[in-house]
Amino acid sequence: MASKEHLRVYVNPALSAQELIGLLRRARDSRRERQAGYVQRVIENTSLLLAAYADGRLVGVLRALSDFSVCCYIADVIVDRNFSREGVLSALLAEVRHDLDDECEIILPAGLQPEIAVAANT
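This text gives an overview of the structure that appears in the document. (Residues numbered from 1 in each chain as written. Predicted model: local features only at pLDDT ≥ 70, side-chain atom pairs only at ≥ 80, totals over all residues. Heavy atoms only, no water.)

1. Description of the packing of helix H1 (residues 17-26) against helix H2 (residues 36-44)
With their axes 9 Å apart at the nearest point, H1 and H2 run at an angle of 100 degrees to one another. Considering the angle they form, H1 stands roughly perpendicular to H2. On the side of H1, the interface is formed by Ala17, Gln18, Leu20 and Ile21, while H2 contributes Ala36, Val39, Gln40 and Ile43. Taken together, the residues that form the contact of H1 with H2 break down as 6 nonpolar, 2 polar and no charged. (Axes fitted to C-alpha atoms, helices over the stretch in contact; angles between N-to-C directions. Helix = DSSP H or I, 4+ residues; strand = E, 2+ residues; numbered from the N terminus. Parallel < 35°, antiparallel > 145°, perpendicular 65-115°, else oblique. Contact = heavy atoms within 4.5 Å. Nonpolar A, V, L, I, M, F, W, Y, C, P; charged D, E, K, R; others polar.)

Structure follows, in structure tokens:
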């Protein structure tokens, strides 16, 4: 496992469909595994894409749709299962908050813990 010091988050990186498909497999999220062309369109049509890397390996992705002023809808959060307790989600949400206006509300998908929702909007 990587320490938080080795975790880097990038905004709108040049992420390939194959990288994201690999992460989906490591996250054991087969519901969203798709053909490379479909995944590439998802990447290209996202208004805010964040990627977390640990020691050069993609370990998390957050995909959001936003006007950057009023609201930001978190569409997807994908974290490598081997890094699920390593602060990846917190790092991704902190970077989202940093990139938005102070008044912009972050709207999270159902299923994230309530404490994450509170942290995202503070």
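2. A word on the nonpolar core
Residues Val59, Leu62, Cys72, Ile74, Val88 and Val96 are the most contacted members of the largest nonpolar core, which totals 21 residues. For this core, the element with the most residues is helix H3 (residues 88-99), which contributes 5 residues. Once residues lying within four places of it in the same chain are set aside, the contact partners of Cys72 are Ala64, Leu65, Ser66, Val96, Leu100, Cys104, Glu105, Ile106 and Ile107. Membership of the second largest hydrophobic core comes to 15 residues, among which are Leu20, Ile21, Leu23 and Val39. (Core = buried A, V, L, I, M, F, W, Y, C linked by side-chain atoms within 4.5 Å. Buried < 20%, exposed > 50% of the residue type's maximum accessible area, 1.4 Å probe, protein only.)

3. A word on the sheet that holds strand E5 (residues 105-107)
An order of E1-E2-E3-E4-E5 is seen for the 5 strands of this open sheet, with the pairing classed as mixed. At either end of the open sheet lies a strand with only one pairing partner, and these are strand E1 (7-11) and E5. For this sheet, the mean inter-axis angle between neighbouring strands, taken without regard to orientation, is 25 degrees. Relative to the sheet, H1 contacts strand E2 (48-54), strand E3 (57-66) and strand E4 (71-79), its axis offset from that of E3 by approximately 105 degrees. (Pairing = 2+ DSSP bridges.)

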